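# Architecture and fold: a report
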Amino acid sequence: MDSEIQRQGSRNGYHGDQQSLRSRQVSSRVSNQNYPQFNWSSTPAEDDVEGSSEMPRDLRSSPLHMALKRAVRQVQQMQVPVVSSRESWKRNKAKSLRKLKDNTREFLYLFALWSKSLQKIGGNFGGGVQSFFLFLRFLVVLNFVSFLLIAGFVLIPSIVFRSVGTGLVNSTGPEECMEYDPNPQGLVLFYNYFLDLLSGTGFMEYSYMFYGYYNNTMVDDTNFSYNIPLAYLFTAVFYFAFCLIFIIARMGTAARVAVATGGSAVGNYSMIVFTSWDYGCLGDRATKLKQKNIHYRLQVRGDLSYLAGWRTLRKKWWRFLIRVTCFQMNLSPTSFLFLCQVDLEEEMIKKRAASLTTNQKVVLYALRVFMCLVAFGLIIGAFYGIFLATEFSQEKSGKEGILGLIFEYLPSIVITAGNFLVPLMCDQIALIERYAPSTTVIVALLRAVFLRLVSLGVLLFTLWRQITCDGNTESAECKLCEYNYNFYPCWETRVGQEMYKLTLFDLLINIAVLVLVEFPRRMVVDNWSNKLAQWVGRQEFVVSSNVLGLVYGQTVVWTGALFCPLLPLINTVKFIILFYCKRITLFNNCRPALKTFRSTTSTFFFLVVLLFGWSLATVVMVYSLAEIRPSMGCGPFRFFPNMWSIVPRSFSSLSETTEEFLFFIGSQAFSIPLFVLFCVVMCYFIALASVYGKSVALLRAQLKLEGRDKQFLVKQIEKLSRQLQIPQHTAGAGQ
Amino acid sequence: MGTTASQLGKDLLSEYQELTFLTKQEILLAHKRFTELLTKDEKDLPNTRVSMERVLTLPELKSNPFRKRICYVFSTSEQKDGSLTFEDFLDLLSAFSDSATLEIKSHYAFRIFDFDDDGTLDCGDLEKLVNCLTGETDETRLTTEEMRQLINNILEESDIDKDGTVNLSEFQHVISRSPDFVSSFKIVL
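All residue numbers refer to positions counted from 1 along the written sequence of the respective chain. Chains and ligands are labelled by the order in which they are written, letters from A for the one and numbers from 1 for the other. Residues qualify for local features only when their pLDDT is at least 70, as the model is predicted, and side-chain atom pairs are given and counted only at 80 or more; totals for whole chains, interfaces and linings, by contrast, use all residues. Side-chain measures were taken over the full set of non-hydrogen atoms in the model, leaving aside hydrogen atoms and water.

## Concerning the overall build of chain A
A run of H or I in DSSP becomes a helix once it reaches four residues, and a run of E becomes a strand once it reaches two; helices and strands are each numbered from the N terminus. For chain A, the count of helices and strands is 26 helices and five strands. When accessible area is computed with a 1.4 Å probe and restricted to protein chains, residues below 20% of their type maximum are described as buried, those above 50% as exposed, and intermediate ones as partly exposed. Relative to its full complement of 735 residues, chain A shows a buried share of 44%. Surface accessibility in these figures is a Shrake-Rupley result with a 1.4 Å probe; residues are shielded only by whichever protein chains are displayed. Within the structure as shown, chain A displays about 39,400 Å² of accessible surface, and the carbon and sulfur contribution to it stands at 65%.

Written out as structure tokens, the structure is:
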């Protein structure tokens, strides 16, 4: 009996809440139409009047249990609403759209790679590590789809039309420029095949792998024509555009959440308490670790006067970004110590900074500038090393044997060594700079990204220097063909080979580190109970440096795709191997970190860094398409002044109106109004966003007022009831 | 209706697909895992109710500090003992699934955190919640003073109408600011 009443009460509690909430029009983000407002007592007639103006509710979103939902559905089906045919058509459309969405979702789940693995990783190691593996999976899919694109439009037509087809332009050009003989001379030993595989020369050079093998042919039948060079060019351009769209689409949801939640309430107490539990945690160990993590976060906050601290914050967005990168990029052990004390140290450092005398301030700033210059100098030193290594390697190319292989791989070796050593030294420099911990983290990250991407840029710049003789087409070596034909009879293939070697070396280094460093470390730590071994401890899975490695690998592939069409396929295989290697090392060698939690903003950040790499590759591609003369000895663009010139030439064969239309689109008369239109649309959205922000603030204030009204009314009721009771007492006392 | 017979009928399957956020594979997997919890005799009966202890042997729920509350919230039993039928189990998985909306997740999260089932989160509920989050071991338990301070801070931040408790809309207001909630409020078999 008691439980009956209690159950009624609890049910009513919820329903009552929702009824009053509906009339209050609360400012929660979600629509309040889907609360369980099911009213058993409503007659069908009443519902008709209401139902005609709104769509039937999506039952899945109502928090009722199954039996109730089924009953509601039956009632809905039995009702024959009197609606206009337009309404019913709209409703049917909505229903079929929903069904289509559900079916596509189910279909996509079939193709979800490694979902079980990812779940296990997320449950045991937390969200930060899981977002790295999700990012890796995204890159595998991106590369595979790009490969399908390239295969469909370039590779397969080339294979099919290899023997058929006529040359596009008749051969005009100096004899020396057209000399290109990639096939090896004389007897080829067996181990040469292996060396060729590693360096992309020999039997691999003149194959579908590299640019040099594709022909300058156009197939022109009676009712079918296929222009291979044009297809090559358009596929390359479309590949870049496609990757950009894919990345932005992926960023879409994460960006929306990141922008909408803003910087106003990250990390405050109620957020920690209400949202920080991860229901995917598997096992006692992960649960205990998560509990320790939450306890730590609550404690750290407790030492500050939190609300005062946030109110004095002025640059909300910057603080948000710092905090996000702080907590989401699970950094190396040195930075981890910073992260632990982030809030306390921040305040301490601020207090200390405020209490410095002018003299000390000057010294500190001078020290910081000096250290910045030192870090910059280190990075420039690394770049110079890469420059020297590339020049040396290009000069010594063609050497035989193992020594030749080492010379070929010299740039990759120097880049990898630089990417490993320079961040270590920058970490030590950061200790001297004594920035606030959050600033240190950002600075270290920026330096690492800059180092990785620009070192690739330096490599490409050095190659460019050698190919175009420092850009000076009048110098002795480049005068004849506008590029250095002695060293580079087919320069595109050479660039493709460099990118291929970088990719391969990256994979080999990852596997080597796994086998030679991580496994032995685990064995030493587990079996040797020395104090030193315990202090070193099992390693932690550092997400940020792994992500940077992935971004670097993908940038190399993008840069090389124009010159080595099969590179996306090789990269797909490489990333798949990398996934399994990283998973093995994660489960066997790493300990779960104390400070990890899932965030959609991590993914957003990874994708932003990926876009940096994409823009570098785009710059390279645009430059190669527009400026450098293609080799005359090989490739589909020989005898053209630059690669892009095939486009206007092909357009001249189109009809008049199409030509005029295309020229119009490219001209200023079209692009300037388009730009103005975009600005107008953007202003509209900015205005809309600020209006929404204001209405949220207004509604909050309204809620506060209503709360005060409620308290006032409650007090009035108490006063009145006391007044009513007093006469009773006097009456009772009087008796 | 409802079933724990060894096969799920086709109509029943499509009905479940319409009424929950689960895909066909997820429903079939749930059915498989649920029947593993049953004894041999129970397998033939329709609409069997599984006791809370047996449900909590599932590895996904075993170490979750909120496991008992989850069972109580989704249970439709008359005795309020946390036992689940297959349909309750599907409701549970639907609320915790990938494609469930923010509103349904926040609604159920609120109910899970509402330890005394009175429709609001008052000091007692918040205290029990924090204890679940930080664990009950000696080194992670908060002192009384820390707890009091923490609860005051929470109420100051999230109690908009200043009535001393956090109601559903205030709770949803806090949740909507968090980018991680939807992805962390997930249990997948």
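## Thoughts on the pairing of strand β2 (residues 217-220) of chain A
Residues and elements named next belong to chain A. Here β2 shows one buried face, formed by T217 and V219, and one open face, formed by M218 and D220. Two strands qualify as a pair provided DSSP detects at least 2 bridges between them. Strand direction decides the pairing type here: β2 and strand β3 (residues 225-227), joined by three bridges, are antiparallel. Within β3, the position partnered with M218 by the bridge is N227. Remark: four residues form the turn of the hairpin made by β2 and β3, two consecutive strands paired antiparallel.

## Some points on empty space enclosed by the protein
Residue and element names in this part refer to chain A. Definitions used for this entry: grid spacing 1 Å over protein atoms alone; cavity, a set of points where a 1.4 Å probe fits but cannot get out; pocket, an open set with protein on both sides within 12 Å along at least 5 of 7 lines; lining residue, one with an atom within 4 Å of a point. Grid points are joined across faces, edges and corners, and a volume is the space filled by probe spheres set on the points. Applying the stated criterion to the full structure yields 13 cavities of 30 Å³ or more. Computed from the structure, the second largest cavity encloses a volume of approximately 90 Å³. In terms of lining, the second largest cavity is formed by I150, V154, Y232, T235, A236, Y239, F240, A561, L562 and P565. Elements with a minimum of two residues in the lining of the second largest cavity: α6 (127-160) and α8 (228-261). All residues other than Ala, Val, Leu, Ile, Met, Phe, Trp, Tyr, Cys, Pro, Asp, Glu, Lys and Arg, Gly among them, are scored as polar; the first ten of these are nonpolar and the last four charged. When grouped by side-chain class, the residues that make up the lining of the second largest cavity number nine nonpolar, one polar and no charged.

## Topic: the interface of chain A and chain B
Only heavy atoms matter for contacts: two residues are in contact if any of them lie within 4.5 Å across the pair. Opposite the 69 residues of chain A that make contact, chain B presents 84 residues. For any pair of parts, buried area is found by adding up, for both, the accessible area (1.4 Å probe) each one loses once the two are put together. A buried area of about 7,100 Å², summed over both sides, lies between chain A and chain B, and 57% of it is on carbon and sulfur atoms. A pairing counts as a salt bridge when a side-chain nitrogen of Lys or Arg comes within 4 Å of a carboxyl oxygen of Asp or Glu. Run the count over chain A and chain B and you get five salt bridges. In this structure, R73(A) and E15(B) form a salt bridge, with 3.4 Å as the shortest nitrogen-oxygen distance. Polar contacts here mean pairs of N or O atoms no more than 3.5 Å apart (in protein, one a potential hydrogen donor and the other a potential acceptor; neighbouring residues in sequence count only if both atoms are side-chain atoms). Between chain A and chain B we count 16 residue pairs in polar contact (both at pLDDT 80 or more) in total. Considering every element that reaches the side of chain A that touches chain B, the biggest residue donor is helix α10 (residues 283-302) of chain A, with nine residues. A per-class count over the side of chain A that touches chain B returns 26 nonpolar, 25 polar and 18 charged.

## As for helix α4 (residues 85-110) of chain A
Expected span of a helix: the number of residues minus one, times 1.5 Å. The end-to-end C-alpha distance of α4(A), which contains 26 residues, comes to 38 Å, matching closely the 38 Å that a straight helix rising 1.5 Å per residue would cover. All of the buried residues along α4(A) are E87(A), R91(A) and E106(A).

## As for the domain arrangement of chain B
How big an interface is tends to be stated in terms of the accessible area lost upon association of its parts. Residue and element names in this part refer to chain B. According to the domain assignment, chain B consists of domain 1 (2-95) and domain 2 (102-184). Residue ranges labeled as domains rest on an automatic or database domain assignment. Placing a centre on the C-alpha atoms of domain 1 and another on those of domain 2 gives a separation of 27 Å. Facing nine residues of domain 1, the contacting portion of domain 2 comprises twelve residues. Around 960 Å² of area is buried between domain 1 and domain 2 when both sides are counted, 70% of it from carbon and sulfur atoms. The tally of links from domain 1 across to domain 2 stands at one salt bridge. Residue R69 is joined to D117 by a salt bridge in which the shortest nitrogen-to-oxygen separation is 3.5 Å. At the surface where domain 1 touches domain 2, the tally comes to three residue pairs in polar contact (both at pLDDT 80 or more).

## Thoughts on a nonpolar patch on the surface
All names here are of chain A. Judged by side-chain polarity, L654, F661, L662, F664, I665, F670, L674, L677, F678, V681, Y684 and F685 come together as a nonpolar surface patch covering roughly 1,100 Å² of accessible area. Of all elements in the fold, only α25 (656-666) and α26 (668-734) reach the threshold of two or more residues within the nonpolar patch. With seven residues, the single largest contributor to the nonpolar patch is α26. Position of L654 relative to the elements: it lies in the loop between α24 (646-651) and α25. Here the term patch refers to residues with relative accessible area over 30% and no salt bridge, with like charges joined within 9 Å and nonpolar side chains (Val, Leu, Ile, Met, Phe, Trp, Tyr) within 5 Å.

## Let's talk about the side chain of T85(B)
Mapped onto the secondary structure, T85(B) falls in the loop between α5 (67-74) and α6 (86-95). T85(B) sits in the buried class, given a relative accessible area of 8%.

## Some details on the nonpolar core
To form a nonpolar core, buried Ala, Val, Leu, Ile, Met, Phe, Trp, Tyr and Cys residues must be joined to one another through side-chain atoms within 4.5 Å. Ranked by size, the top nonpolar core spans 112 residues in total, and within it F133(A), F135(A), W491(A), W558(A) and L610(A) carry the most contacts. Excluding residues within four positions of it along the chain, F133(A) makes contact with L118(A), I121(A), F541(A), F579(A), K582(A), R583(A) and L586(A). Of all hydrophobic cores here, the second largest spans 74 residues; its members include V273(A), L102(B), I104(B) and M147(B).

## Considerations on the packing of aromatic side chains
Stacked, edge-to-face and tilted are the three classes for Phe, Tyr and Trp ring pairs, Trp counted by its six-membered ring, which pair at centre distances within 6.5 Å; planes under 30 degrees apart are stacked, over 60 edge-to-face, the rest tilted. On inspection of all chains with the given rule, the structure shows 46 aromatic pairs over all chains. Between W114(A) and F579(A) the ring centres are 3.9 Å apart and the planes differ by 10 degrees, which places this aromatic pair in the stacked class. Of this pair, W114(A) sits in the loop between α4 and α5 (115-125) while F579(A) is found in helix α22 (residues 567-589), placing the two residues 465 residues apart along the sequence. Accessibility classification places W114(A) together with F579(A) in one group, the buried group. Put simply, the rings of F274(A), W277(A), Y279(A), F66(B), F74(B), F96(B), Y108(B), F110(B), F113(B), F171(B), F181(B) and F185(B) touch in pairs and so form one group of aromatic residues. The ring of F587(A) has K120(A) sitting right over it, with the charged end atom 4.9 Å from the ring centre. Taking NZ or CZ as reference, R69(B) lies 5.7 Å from the ring centre of F115(B), over its face. Sitting over a ring, as applied to charges here, requires NZ of Lys or CZ of Arg to be within 6 Å of the ring centre and within 35 degrees of the ring normal.

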